[in-house]
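Okay, here's what each chain looks like letter by letter:
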Amino acid sequence: MTTRIARSRREISRTPRCARNGKTNKKDKRCKRNTRSKEVQRAPSSNLLQRLYVTCEDVFKSGDAADLNPSDVQTLRLILDNMVLEDVGLCREIKFFNPAIEGDTRVGYTSIYQCKNYSICIFFLPTNAVIPLHNHPGMTVFSKLLIGTMHVKAYDWVNQVESEDSTTPPSKMRLAKLKANGIFTAPCDTSVLYPTSGGNIHEFRAITPCAILDVIGPPYSIEEGRDCSYYKDIPYQTLPMGGKGSLINKEEAGSYGWLEEIETPEEAHMYGVCYMGPQIIETAP
Ligand SMILES: [Fe+2]
């Protein structure tokens, strides 16, 4: 089966608008129709991808990420844990995944399915590509690394009471606690972040070419107050006021950081990739 990663002509900024508002725009529909090859049309539908869709329909039916049942989260996580590149029409022989090829470090994005309550998508990171530190307001996000090795850094905001520290710097910086700061290599378990825990603000850095399958519920939506913000992080003790008098002791200081919101960084601009894998068969509502 021939599978390829095709670049669209139009550059897109961060998550494409169609994914942010939960609708498929005309360009995306045209993209799917025009680029689906005969080989891909013959591709059998992936049982796991279809199961993922059916489960998402159930898990995200309320449209409220804070309302997710732990057993539903576990069900979805288990499906993703078992998914491989082939379930989304990819294979490791694709040129993009060859670690010896270096060059463009922009991130690619493809949408497999999106609706008002959730989206299923894949991010393609070549070696040295970065998805900068960003948040997921009011969302639950499942991330499954399908191939590659990447460094993940993730923070959660420190709640108001805990951060009532007389040493808080007089700026827009906000205290956050480090939840993850390590290297992940596929195959590895699915990571889950929640609206206020699990590392809601995260950054991915590709050490080798990576593909990350994400389930995001609900999706980004400017209209519904879920826009994406970007941050730079500063070690807790770097700032003069992060020392004497702090409520956070020296031993714990390495687990905290100050996050400052920044303009959308250059690395956040992604290019669109047409999804060429097995199609989801929509079930009746
Ligand atoms: Fe993310």
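One can find the structure itself at the top, above this paragraph.
Residues numbered from 1 in each chain as written. Predicted model: local features only at pLDDT ≥ 70, side-chain atom pairs only at ≥ 80, totals over all residues.

Caption draft 1: Geometry of the packing of helix 4 (residues 47-59) against helix 5 (residues 70-81). It is the contact of helix 4 with helix 5, at a shortest axis distance of 10 Å, that shows an interaxial angle of 165 degrees. With respect to their mutual orientation, helix 4 and helix 5 come out roughly antiparallel. Relative to helix 5, helix 4 is oriented so that their crossing is left-handed. For the pair helix 4 and helix 5, the contacting residues are L48, R51, L52, T55, C56 and V59 in the first and D72, T75, L76, I79 and L80 in the second. (Axes fitted to C-alpha atoms, helices over the stretch in contact; angles between N-to-C directions. Helix = DSSP H or I, 4+ residues; strand = E, 2+ residues; numbered from the N terminus. Parallel < 35°, antiparallel > 145°, perpendicular 65-115°, else oblique. Left-handed = near helix turned anticlockwise from the far one by under 90°. Contact = placed C-beta atoms within 7 Å.)

Caption draft 2: Layout of helix 4. Here helix 4 spans 18 Å end to end across 13 residues, near enough to the 18 Å set by a 1.5 Å rise per residue. Listing the buried residues of helix 4 in full gives L49, L52, Y53, C56 and V59. Buried residues along helix 4 cover an arc of 135 degrees about the axis, so they all sit on one side. Away from the buried face of helix 4 by more than 90 degrees, exposed residues N47 and D58 are located. Those residues of helix 4 that are buried lie in contact with helix 5, strand 2 (107-114), strand 3 (119-125) and strand 10 (210-217). (Expected span 1.5 Å × (residues − 1). Buried ≥ 20, exposed ≤ 12 C-beta atoms within 10 Å, placed from the backbone. Arc of directions from axis to C-beta.)

Caption draft 3: Focus on helix 5. Here helix 5 spans 16 Å end to end across 12 residues, near enough to the 16 Å set by a 1.5 Å rise per residue. Among the residues making up helix 5, those that are buried are L76, I79 and L80. With its buried residues spanning 100 degrees around the axis, helix 5 presents them on a single face. Relative to its buried face, helix 5 has exposed residues pointing more than 90 degrees away, namely P70, S71, Q74 and L78.

Caption draft 4: Spotlight on the pairing of strand 10. With eight of eight residues buried, strand 10 is to be regarded as a mostly interior element. Covered by surrounding structure in strand 10 are C210, I212, D214 and I216 together with A211, L213, V215 and G217, the residues of both alternating faces. Two strands pair when backbone bridges link them, and strand 5 (residues 140-147) and strand 10 are joined in this way by seven bridges, in the antiparallel orientation. From the neighbouring strand, T140 faces strand 10, where its bridge partner is G217. (Pairing = 2+ DSSP bridges.)

Caption draft 5: Quick peek at the nonpolar core. Ranked by internal contacts, the top residues of the largest apolar core, which has 61 residues, are C56, I122, L125, A211 and I212. For A211, the residues in contact, after removing those within four places along its chain, are L85, L90, I122, F124, L146, I147 and G148. (Core = buried A, V, L, I, M, F, W, Y, C linked by C-beta atoms within 7 Å.)

Caption draft 6: Broad picture of the environment of L146. With respect to the helices and strands, L146 occurs in strand 5. L146 sits in the buried class, given 22 other C-beta atoms within 10 Å. Between the C-alpha atoms of L146 and V84, which are 62 residues apart in sequence, the distance is 5.8 Å. Beyond its immediate sequence surroundings of up to four residues, L146 is in contact with V84, L85, A186, A211, I212 and L213.

Caption draft 7: Here's a closer look at unusual backbone geometry. Of note, the amide linkage connecting A186 to P187 takes the cis form, showing an omega dihedral of 0 degrees. Locating P187 in the fold gives a position in the loop between strand 7 (174-185) and strand 8 (191-193). Of note, the amide linkage connecting G217 to P218 takes the cis form, showing an omega dihedral of -10 degrees. Mapped onto the elements, P218 comes out in the loop between strand 10 and strand 11 (230-235).

Caption draft 8: Summary view of the environment of G138. Counting through the fold element by element, G138 comes out in the loop between strand 4 (130-134) and strand 5. A sequence separation of 62 residues divides G138 from N200, and the C-alpha atoms of the two residues are 9.2 Å apart. Beyond its immediate sequence surroundings of up to four residues, G138 is in contact with A65, P195 and R226.

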